[in-house]
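Close look at the chain arrangement
Chain residues, written in single-letter form:
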Amino acid sequence: MPAAFPAAPSASFVLDALDWRLLDEFQRDFPLDAQPWARIGERLGLGADAVLARLTRLQALGCIARVGPVFAPKRAGASLLAALAVAPQRLAEVAAIVSAQPEVNHNYEREPAGLDFNLWFVLTAADAAALDAAIARIESATGLTVMRLPLEREYHIDLGFRLHGGRP
């Protein structure tokens, strides 16, 4: 079974009602505000520091990988889907190197379907030169060649969904 990087959360933790609200209510309509944590806190009845503490805890638990915007491709900066062919015994090591790059949004193991490429990731950067620099760092650190998969046709997939009861 493919592994997610970071590892999927264990079943040994409990989320309370505020955790679920934080996860459910702010997948969309994140406050575009100089103090977004305070605005979220107002809706949840928490202070800004408490919101950040919860997000930090949820990230440590593996419930969320990142908090940040998603931009439409080619509207701001440069982006690219990429893949690496990684020996199974190096997968966790290489995934950690890839994840450490600030341009990498996420990465995941994909079982090869007739291909040797099993670690896939999305990069975004200010421009093509910055994207190339990130790929060069990954190749240098891993000793592997990145397969670049530039966008040919844009699709919009809404990945926001209700995580805890109710309808979206």
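Preceding block: the structure.
Described in the following lines is the structure provided in the data block.

Reading guide: rules and limits
- Residues numbered from 1 in each chain as written.
- Predicted model: local features only at pLDDT ≥ 70, side-chain atom pairs only at ≥ 80, totals over all residues.
- Heavy atoms only, no water.
- Axes fitted to C-alpha atoms, helices over the stretch in contact; angles between N-to-C directions.
- Helix = DSSP H or I, 4+ residues; strand = E, 2+ residues; numbered from the N terminus.
- Parallel < 35°, antiparallel > 145°, perpendicular 65-115°, else oblique.
- Contact = heavy atoms within 4.5 Å.
- Nonpolar A, V, L, I, M, F, W, Y, C, P; charged D, E, K, R; others polar.
- Salt bridge = Lys/Arg side-chain N within 4 Å of Asp/Glu carboxyl O.
- Buried < 20%, exposed > 50% of the residue type's maximum accessible area, 1.4 Å probe, protein only.
- Expected span 1.5 Å × (residues − 1).
- Arc of directions from axis to C-beta.
- Polar contact = N/O pair within 3.5 Å; in protein donor to acceptor, adjacent residues only side chain to side chain.

If you want to describe how two helices pack, look at the angle between their axes and the distance between the axes. The geometry of helix α2 (residues 36-44) relative to helix α3 (residues 48-61) is characterised by a closest axis approach of 7 Å and an angle of 95° between their N-to-C directions. Considering the angle they form, α2 stands roughly perpendicular to α3. Contacts between α2 and α3 pair Trp 37, Ala 38, Ile 40 and Gly 41 from the former with Ala 48, Val 51, Leu 52 and Leu 55 from the latter. Its residues assigned to classes, the contact of α2 with α3 shows seven nonpolar, one polar and no charged.

With that settled, consider the pattern of salt bridges. Within this structure, the stated rule accounts for 10 salt bridges. Among the salt bridges present, the one from Asp 19 reaches Arg 54, with a minimum N-O distance of 2.7 Å. Pair noted here: Asp 19 is in helix α1 (residues 17-25) and Arg 54 is in helix α3, with a separation of 35 residues, a long-range link. Residues Asp 19 and Arg 54 agree in their burial class; the two are buried. One network of salt bridges, in which partners are shared, links Asp 16, Asp 19, Arg 54 and Arg 57.

Let us now look at the packing of α1 against α3. It is at 11 Å that the axes of α1 and α3 come closest, and there the two elements cross at 85°. With respect to their mutual orientation, α1 and α3 come out roughly perpendicular. Each of Leu 18, Asp 19, Leu 22 and Leu 23 in α1 lies in contact with α3, whose residues at this interface are Val 51, Arg 54, Leu 55, Arg 57 and Leu 58. Counted by class, the contact of α1 with α3 contains six nonpolar, no polar and three charged residues.

Below, the discussion takes up helix α5 (residues 128-142). Between its first and last C-alpha atoms α5 spans 21 Å; for 15 residues at 1.5 Å apiece the expected length is 21 Å, and the two agree. Taken together, the buried positions of α5 are Leu 131, Ala 134, Ile 135, Ile 138 and Thr 142. Along α5, the residues classed as buried sweep out an arc of 95° about the axis, all on the same side. Across α5 from its buried face, at more than 90 degrees, point the exposed residues Ala 129 and Ser 140. Buried-residue contacts for α5 involve β2 (78-84), α4 (91-99), β3 (104-109), β4 (119-125) and β5 (147-149). The backbone nitrogen of Ala 129 has a side-chain oxygen 3.2 Å away, supplied by the residue at the start of α5, namely Asp 127.

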